[in-house]
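# Fold and geometry: a report
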Amino acid sequence: FELWKQAGVPAERIHQLGAKDTFWAMGDTGPCGPCSELHFFQGDDIPCAEEKAGKACQGVACDCDRWLEIWNLVFMQFERNADGGLTPLPKPSIDTGAGLERMASVAQGKRSNYDTDLFQSIIRAIEKVSGRRYGQSPDDDVSMRVIADHARATTFLVGDGVLPSNEGRGYVLRRIMRRAIRHGKRLGMEKLFLAEVCGAVLDEMGKAYPETAGNRSFIQKVAAQEE
């Protein structure tokens, strides 16, 4: 609280919550410590289950999407042992986690990661192969988002040398690909489409990841074969 005040944040915008919300641990034992979360207020027009139940929105402590967590700072300063005791770590550190896509959505004034420029070109490609329009049907939008997300995961996994299989990470990839394909069927697509969407991912991300872009033909071949 004092550190944020020293940084110039008004006291009324610093919320002190309990350990359930502001103490991070990787498990019952191991490194842990208090955390400080940064939230962005998206607006009261976003539905809140608490208000729907006749209660008041709990602000940053609420489970609704009005307050979007964009950053988390964990002060790794303790080791928790089996009996729950805390021992100071010899070399404390700050473990910081920031959501790049959430930052982009805030900077671009979007309510969803999928409406940012990171995803929209991929969704345009899905519109092209499906003949459906994004934003016209909630069910279609869900399917397009799933395909866009899973095509991106497929592109990078295959680009890193992971192949669809029935075990380990290859099985994770296979499940991701098949879920994308299933949502393609929900959109009425009967022809192969996943390789083309993976190509759109490479068009969007290739400059930042040239080593992946260099595997374009292989990535698209794997996607087509699996589909």
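Before reading on, note that the structure itself is shown above.
Residues numbered from 1 in each chain as written. Predicted model: local features only at pLDDT ≥ 70, side-chain atom pairs only at ≥ 80, totals over all residues. Heavy atoms only, no water.

Examined bridge by bridge, strand E3 (residues 67-80) and strand E4 (residues 86-98) share nine bridges and lie antiparallel to one another. Looking across to E4, one finds that Met76 is bridged to Ser93. Where E3 folds back onto E4 in an antiparallel hairpin, the turn is made up of five residues, including Gly84, whose phi is positive at roughly 95°. (Pairing = 2+ DSSP bridges. Helix = DSSP H or I, 4+ residues; strand = E, 2+ residues; numbered from the N terminus.)

Inspection of every chain in the model, using the stated rule, returns 11 salt bridges. A salt bridge links Arg132 to Asp140; the shortest N-O distance between them is 3.0 Å. By relative accessible area, Asp140 is classed as buried at 14%. Residues Arg174 and Glu226 are paired through a salt bridge, measuring 2.8 Å at the closest nitrogen-oxygen approach. Note that Arg174 is positioned in helix H7 (residues 168-186) and Glu226 in helix H10 (residues 216-226), a separation of 52 residues in sequence. Looking at Glu226, the relative accessible area reads 16%, which means it is buried. A network of salt bridges, in which partner residues are shared, links Asp44, Glu51 and Arg66. (Salt bridge = Lys/Arg side-chain N within 4 Å of Asp/Glu carboxyl O. Buried < 20%, exposed > 50% of the residue type's maximum accessible area, 1.4 Å probe, protein only.)

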